[in-house]
Amino acid sequence: MSKVSIIIPCFNAGDQLIEAVQSALAQTCPGLDVVVVNDGSTDARTLEVLAGLTDPRVRVIHQANAGPAAARNRAVEAATGEFILPLDADDKFDPTYAAKALAVMQQRPDVGIVYCDAMKFGAATGIWQLPAYSVREMVIDNVIFCSSLFRKADWAAVGGYNEKLRHGMEDYAFWLKLIALGRDVVKLQEPLFFYRIQASSRTTRFMEDNSTVVATYAEIFRSNLDFFARHAECLFEHRFRLYRDVDHFRHRYGKLDRVVERSRWIKAAGRWLSGLVR
């Protein structure tokens, strides 16, 4: 059995997939394998790249398009590693990420998720600023990116990724399941993961579709009712803090809004008077 399996779901990733696989194979962690799941790619360049993955440490699995959650589950099923490290096909790892995350897991059996600081690259650069992990933050929204180390046994215990989440956020729902098991979370204070920023991506398209966003979060809530019920205070504290913030800004900027509206009326009246004078 390998110590760590890096799993890479892939859908029309083209040359970006080469960079992802190379960064996976460059890991200093011994006893590592890589599982790539082609989730029904139709792009000719992607299929060419997949056919060229001949390193014996890499296995390529083909399936009809079923979404990222199903592709991740298929990859984990095939993985030989005791520990799983997901990597999206357009992102990259620092060579030491798997080894450093594994060291934490081996030293602390109470830990179920290890992640790190992340650097953005591509259309934007710099540190990816995410709120610090806490259960309270996770109740409100996800603060752990998908490329985080976890145990295959825990994946099996919670039933894997929720395949109903075809459009995204499957990692958020999965982390909630692991946290609900009582697993601790550790963040490595180093930028060991590189997150590609693109003008258009699965995430940006998802966030632009309000009905899909609502349906996705509703499914996450329904499938984690015990977790959210246990931490209901966090939800309502957040809700009423938002109410207070809105009231504060209305009070502070309400007068300014009225001045702006009055200014528009004055300008319009001036233009009307100018027309009469002419």
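Residues numbered from 1 in each chain as written. Predicted model: local features only at pLDDT ≥ 70, side-chain atom pairs only at ≥ 80, totals over all residues. Heavy atoms only, no water.

**Thoughts on the sheet that holds strand β9 (residues 184–197)**
If you trace the four strands from one edge of the open sheet to the other, you get β5-β9-β6-β7, paired in mixed fashion. In this open sheet, the two edge strands, each paired with only one partner strand, are β5 (92–93) and β7 (126–127). With eleven bridges joining them, strand β6 (residues 111–122) and β9 adopt parallel strand pairing. Counted as the bridge partner of F121 is R196 from β9. (Pairing = 2+ DSSP bridges. Helix = DSSP H or I, 4+ residues; strand = E, 2+ residues; numbered from the N terminus.)

**Overview of the environment of D94**
As for its placement among the helices and strands, D94 is situated in the loop between β5 and α4 (97–107). Put simply, D94 and A26 are 68 residues apart on the chain and 8.3 Å apart in space, counted from C-alpha to C-alpha. Not counting the four nearest positions on each side in its chain, D94 is found in contact with Q27, L192 and F194. (Contact = heavy atoms within 4.5 Å.)

**Comments concerning a nonpolar patch on the surface**
Taken together, the side chains of F236, F240 and Y243 define a hydrophobic patch exposed on the protein surface, amounting to about 310 Å² of accessible area. With respect to the element layout, F236 can be found in helix α11 (residues 232–277). Exposure remark for F236: the relative accessible area of 44% places this residue in the partly exposed category. (Patch = residues over 30% accessible without salt bridge, like charges linked within 9 Å, V, L, I, M, F, W, Y side chains within 5 Å. Areas by Shrake-Rupley, 256 points an atom, 1.4 Å probe, with all protein chains shown as cover. Salt bridge = Lys/Arg side-chain N within 4 Å of Asp/Glu carboxyl O. Buried < 20%, exposed > 50% of the residue type's maximum accessible area, 1.4 Å probe, protein only.)

**Things to note about the environment of E19**
Relative to the helices and strands, E19 is located in helix α1 (residues 16–25). C-alpha separation for the pair E19 and K92, spaced 73 residues apart in sequence, amounts to 6.8 Å. Leave out the neighbours within four places in its chain, and E19 touches K92 and R196.

**Quick notes on the sheet that holds strand β8 (residues 150–151)**
Overall, mixed pairing links the five strands, which are arranged β3-β2-β1-β4-β8 in an open sheet. Whereas interior strands pair on both sides, the edge strands pair on one side only; in this sheet they are β3 (58–63) and β8. Where strand β2 (residues 32–39) meets β3, six bridges bridge the pair, whose relative direction is parallel. Each residue of the ladder has a partner; that of N38, found in β3, is H62. Packed on one face of the sheet, α1 meets β1 (4–10), β2 and β3 and runs near 175° to β1. Here helix α3 (residues 68–78) sits on the sheet and contacts β1, β2, β3 and β4 (83–86); the angle it forms with β2, its principal contact strand, is near 145°. (Axes fitted to C-alpha atoms, helices over the stretch in contact; angles between N-to-C directions.)

**A short note on α1**
Among all positions of α1, only L17, A20, V21, S23, A24 and L25 are buried. Tucked into the core, α1 has its buried residues touching β1, β2, α2 (44–51), β3 and β5.

**Description of the nonpolar core**
In terms of nonpolar packing, the biggest core is built from 75 residues, with V4, I6, I8, L17, V36 and Y97 touching the most fellow members. Residue contributions to this core peak at seven residues, all from helix α7 (residues 170–180). The residues contacting I6, other than those within four sequence positions of it, are A24, Q27, L32, D33, V34, V35, L85, L87 and F93. (Core = buried A, V, L, I, M, F, W, Y, C linked by side-chain atoms within 4.5 Å.)

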